[in-house]
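In case you want the letters, here they are:
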Protein chains: 4
Amino acid sequence: MSDIEIARAAKKIHIRDVAAKVNIPEENLIPYGHDAAKINFDFIEKSKSNPDGKLILVTAINPTPAGEGKTTTSVGLNDGLNKIGKKSIVCLREPSLGPCFGMKGGAAGGGYAQVVPMEEINLHFTGDFHAITSAHNLLSSLIDNHIYWGNELQIDQRRITWGRVVDLGDRSLRKVNVNLGGVSNGFPREDKFDITVASEIMAIFCLANDIDDLQKRIGDIIIAYKRDKTPIYARDVKADGPMTVLLKNALMPNLVQTLENNPAIIHGGPFANIAHGCNTVIATKAGLKLADYVVTEAGFGADLGAEKFLDIKCRKAGLTPKCCCYCCYS
Amino acid sequence: MSDIEIARAAKKIHIRDVAAKVNIPEENLIPYGHDAAKINFDFIEKSKSNPDGKLILVTAINPTPAGEGKTTTSVGLNDGLNKIGKKSIVCLREPSLGPCFGMKGGAAGGGYAQVVPMEEINLHFTGDFHAITSAHNLLSSLIDNHIYWGNELQIDQRRITWGRVVDLGDRSLRKVNVNLGGVSNGFPREDKFDITVASEIMAIFCLANDIDDLQKRIGDIIIAYKRDKTPIYARDVKADGPMTVLLKNALMPNLVQTLENNPAIIHGGPFANIAHGCNTVIATKAGLKLADYVVTEAGFGADLGAEKFLDIKCRKAGLTPKCCCYCCYS
Amino acid sequence: MSDIEIARAAKKIHIRDVAAKVNIPEENLIPYGHDAAKINFDFIEKSKSNPDGKLILVTAINPTPAGEGKTTTSVGLNDGLNKIGKKSIVCLREPSLGPCFGMKGGAAGGGYAQVVPMEEINLHFTGDFHAITSAHNLLSSLIDNHIYWGNELQIDQRRITWGRVVDLGDRSLRKVNVNLGGVSNGFPREDKFDITVASEIMAIFCLANDIDDLQKRIGDIIIAYKRDKTPIYARDVKADGPMTVLLKNALMPNLVQTLENNPAIIHGGPFANIAHGCNTVIATKAGLKLADYVVTEAGFGADLGAEKFLDIKCRKAGLTPKCCCYCCYS
Amino acid sequence: MSDIEIARAAKKIHIRDVAAKVNIPEENLIPYGHDAAKINFDFIEKSKSNPDGKLILVTAINPTPAGEGKTTTSVGLNDGLNKIGKKSIVCLREPSLGPCFGMKGGAAGGGYAQVVPMEEINLHFTGDFHAITSAHNLLSSLIDNHIYWGNELQIDQRRITWGRVVDLGDRSLRKVNVNLGGVSNGFPREDKFDITVASEIMAIFCLANDIDDLQKRIGDIIIAYKRDKTPIYARDVKADGPMTVLLKNALMPNLVQTLENNPAIIHGGPFANIAHGCNTVIATKAGLKLADYVVTEAGFGADLGAEKFLDIKCRKAGLTPKCCCYCCYS
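Keep in mind it's a predicted model, so treat the numbers as computed, not measured.

A. Focus on the relation of the copies chain D and chain C. When chain D is fitted onto chain C, the two copies agree to an RMSD of 0.0 Å after a turn of 180° and an axial shift of 0.0 Å. The superposition operator between the copies reduces to a two-fold rotation axis. Here 100% of the contact residues of chain D are again contact residues in chain C; the copies associate through an equivalent surface.

Next comes the structure, spelled out in structure tokens:
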């Protein structure tokens, strides 16, 4: 059977029953269908007094072209720990819609080591990436809007570093000229679109400790420079508040299940080549309060992904993995 | 109290209890939080044997600059009908994220005639508009991708009529040049971004009878012309299948409640200036099977919006309003 | 024989001998080859005390697609007047290089009523149009340069009305985006190229009374507006001096001959559709001091070209035609 | 006295008297004013039976920021040789109009070692650079025109290597998008403008042996590639004939004089950084037939300019300098 056939044949249990396995009451779930739910902040706040579980990192000696293997190993390891009676949860990254429509395919494990509902996870899921796309582009539009209405901040339109994003692999938009069409459309300039997973918002989102920290990090984004090369920040165009509003639901971790009905948190997904490549700090920390073992993964191979996990995510979030599992593919 | 204060003070009941009022079993709901749910197609299919309720159109003699009044009247009329013991449901349009961040504000009624959860409805809600944005832009990228890989269909890149969309009011993107940056980025051309509610997908989405009809309508979209002015269709670039996959959840109607806990369906929202300006046919028809009265609204004033409702939506969908309510503002 | 064969077979006399016919001493000629010369300003200044000849306008009842007929008639009329013993000179427009390479062909008369050296006249001739192209584009570059170096004048780059020119019919340049490529190349904006004959410099050049008047007229050009719609002038970017330097030789009228070795002045050539469509005031006035009759032509038909000749050129320059000759083609 | 005051105070002799010094009859001169003339091809052809003079190259050990020194040395050396009774001529490059309006100033020597008429030489002179600009841009327009009318040659518009030129230092045009504005204006693409002296036409022009060789070299220009990377040549769009017509007068060498009334030929002027940086082969060879000594210069310093002179120009043209003079500046 193909991965998708296996996923479709999965005997899923209701998400409230998955939650019950790690003692999350139903009233702390925000359901998205019957198979996925966000864990609300009340519960996360309350669980902070719990002791921390042990963090296990899955990485790879050698990366493979399509990056396969780490997620499957993580899911399998989590199912195995549960099988032998350990209370374990797996914390993974959300897949990008872009590559799903490209050659690379989705990213929810493979074979009998998958997370489900696979199709929802690979499509819109709980809308986190859409929220990040909206927040990112709201900032972009506020920058151009500021220039349009008099440019009080003296943004140098040749030195705008904040592009736009689209959650698709669309090479047509890599380099664009915007604000064309005359006086009422704005001041022409060169711009770019990245894929949403490459957004700085995605990286920030995954490093934020809570909603206030997220807003602060957003406010700190350098969006452009003046002629004299003085930096201009997102908060200078008053973007941090509205952007945080757009992200407030997305910041809650998503609970799903493995094929063996064990809990899995899938939350955040920055690219490992240009960002740290890890799921959210909020998800990993929540996992550590919920289970005795938390299996997580980092991007690419050990030389890049595990380094970023250890040097960036762990350092920023005060995490200490107790074990690293190195996959080796040939 | 302001609209938002009233909305926040609302005593909402669980969406399954709202559904129960119109006899929708919980297993036919796909919840999005506790206050909103999609009604699945199984139920819609089953309910087709029910008799139709009576359709009431709310329109306006004179449109107002911000378009206010019709939604409030519709919600109030629905609550009134329920108050006097009639089984009534209101079918409204989903608001666009764009104007919410502009001066116009959200669109979920006002005062004590609102639908809730107001903030969710005005932000991401159940993700329908994000799905439409993704589907629209997937087609855009497939067109440029087709040209990039040899242009077998001989698309004339000066005659591409299919632009891109963003769910924001962003004047910077009204007129853009895309595919810049050299050989690997594509063939430069002039392009545009519309706001998502102005997407042809939005119009089609609201006229579709079911998922197969939606796919057929998507396939029929003219995306470009050849040099000799022969039209090229969305199905020629094999876009109809993947786009429909992206839209399959979105096509299910969204159930919410009024401040008086009466059922409201909010689904679809094309602009009335460039499209028909009505909520989905699927929602209106589902409503007619659920209640004795369905209150709905059309865009702008009677001269434009009601005309489009009667001439386009009713004719295409085989609907016959039993009553038109003309608001008059001064 | 074709026009070009007739022209090539012409028995030209040395330009100093043509000049002698209207009493221009050789030292007042600036030769460009043996068949063409510019008449210097010393001579023009000295001849101002001469009495004026009679001005004859050749126009057309009905314009023809390629505009043929008026030049031929003018040249023929001039040759005829000379034949019957009158001292007559013909004052014509210089052809644009652009249409010469298009379908329209050159513009130096036809059959046995041509001016020669035909090929030189239709190509670079004495470089007048090249000088106008250079002067025009110098101003364009000074505008962008001013913006680049701090934009002290607060030019609104969306409201620059001064485009660029090329002396070719090149549709590719009708609408362009310039200043692309990053910080060191400038502030991106939308621009256009017109053909040189459509340059405002060409129109001004043909209305100027002398070099000082030309400089003043250049200084008066509105090149852009500020955000508050205040106009900005060419002299504000100090363009009038250098542009006049580039035009000083070009402003001297060009003397050539007809196939019958009668003197012809060919000087300036603005398009009649967007400008006045007449040869230079300096040439016409010089002609009136040199001969008893001056035959000249206006653009297109009587309804457009003769109107512009009478309403614009004659009024501005204080000229009064004694006779209008209406060609009628069928 | 400044350079320009010295130049203006020069006691020039008539160009026919300069020509007489090297035995060029007046009928072989094409005058451009009284101080400059082109030497026609009849004379050049006839003089080919003369013995060759000795070629002296002036170069520099160390280039200086503004490149000054070599021209002044060359002019001074030529005047000195004439002073001591040798029949010597100096062959120099024509200055670009661009830098004249920039900070660099003109290029006609300095102090009492200048060529005159200095202002004309630094402005339009005999129109050679205008002709090169026109020829270059004619090819550019023919390429876009070919694509517009069906693109029979299958030019890949992303792989057009032939840009456009302007005889100005205009950074705004370094990177542009052209063919914008809709169906009737063409297929949008990215383009560039170089300064005329950087045109490949300029380089070819200076290496051509005669008009037929020029046309062949123009025909050989690679203008673009197909999708499959097959090259497309200028002759494929039938540009070589019309371009050569535009260049035929320009190809005749220009005769002027030094302040001491000794003959100087100034002809052609490609940039030494991107081309060979030498005056025309035709001029140098003509000089060798006219005098016993020909003093010429190469671009920049010995390491770049003299290398290019020796490796490219001398090799291609069969020239052998008898002496190299190395200027050394500190």
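Still to come is the rest of the account.
B. Broad picture of helix 7 (residues 128-148) of chain D. Residues and elements named next belong to chain D. Across its 21 residues, helix 7 extends 30 Å between first and last C-alpha, which sits within 8% of the 30 Å expected from 1.5 Å per residue. Most of helix 7 is tucked away, with 19 of its 21 residues classed as buried. Positive backbone phi, at 120°, marks G150, one or two positions downstream of helix 7.

C. Structural detail: the environment of F205 of chain C. Residue and element names in this part refer to chain C. Following the sequence through the fold, F205 ends up in helix 8 (residues 200-207). Assessed through its relative accessible area of 0%, F205 is described here as buried. Distance in space between the C-alpha atoms of F205 and L139 is 15 Å, their sequence separation being 66 residues.

D. Expanded view of the packing of helix 9 (residues 211-219) of chain A against helix 10 (residues 240-247) of chain A. Residues and elements named next belong to chain A. As a packed pair, helix 9 and helix 10 sit with axes 9 Å apart at the nearest point and diverge in direction by 135°. Between helix 9 and helix 10, the angle falls in the class oblique. Pair helix 9 / helix 10 crosses with right-handed handedness. When helix 9 is examined against helix 10, the residues I211, L214, Q215, I218 and G219 are found in contact with a partner set consisting of D240, G241, M243, T244 and L247. Broken down by class, the residue content of the contact of helix 9 with helix 10 amounts to five nonpolar, four polar and one charged.

E. Structural view of the pattern of salt bridges. With the rule as written, the count across this model stands at 80 salt bridges over all chains. Residue K216 of chain B is joined to D220 of chain B by a salt bridge in which the shortest nitrogen-to-oxygen separation is 2.5 Å. Several salt bridges converge on common partners, so that one network encompasses D144, R164, R189 and D191 of chain A together with D170 of chain B.

F. Layout of the interface of chain D and chain C. Tallying the contact residues gives 47 residues for chain D and 47 residues for chain C. Surface buried jointly by chain D and chain C totals about 3800 Å² across both partners, of which 60% is contributed by carbon and sulfur atoms. Applying the counting rule to chain D against chain C returns two salt bridges. In this structure, D170 of chain C engages R164 of chain D in a salt bridge whose closest nitrogen and oxygen atoms are separated by 2.9 Å.

So, how was this worked out
- Residues numbered from 1 in each chain as written.
- Chains lettered and ligands numbered in written order.
- Predicted model: local features only at pLDDT ≥ 70, side-chain atom pairs only at ≥ 80, totals over all residues.
- Heavy atoms only, no water.
- Least-squares fit on C-alpha atoms with pLDDT ≥ 70 in both.
- Contact = heavy atoms within 4.5 Å.
- Helix = DSSP H or I, 4+ residues; strand = E, 2+ residues; numbered from the N terminus.
- Expected span 1.5 Å × (residues − 1).
- Buried < 20%, exposed > 50% of the residue type's maximum accessible area, 1.4 Å probe, protein only.
- Axes fitted to C-alpha atoms, helices over the stretch in contact; angles between N-to-C directions.
- Parallel < 35°, antiparallel > 145°, perpendicular 65-115°, else oblique.
- Left-handed = near helix turned anticlockwise from the far one by under 90°.
- Nonpolar A, V, L, I, M, F, W, Y, C, P; charged D, E, K, R; others polar.
- Salt bridge = Lys/Arg side-chain N within 4 Å of Asp/Glu carboxyl O.
- Buried area = accessible area lost by both parts, 1.4 Å probe.

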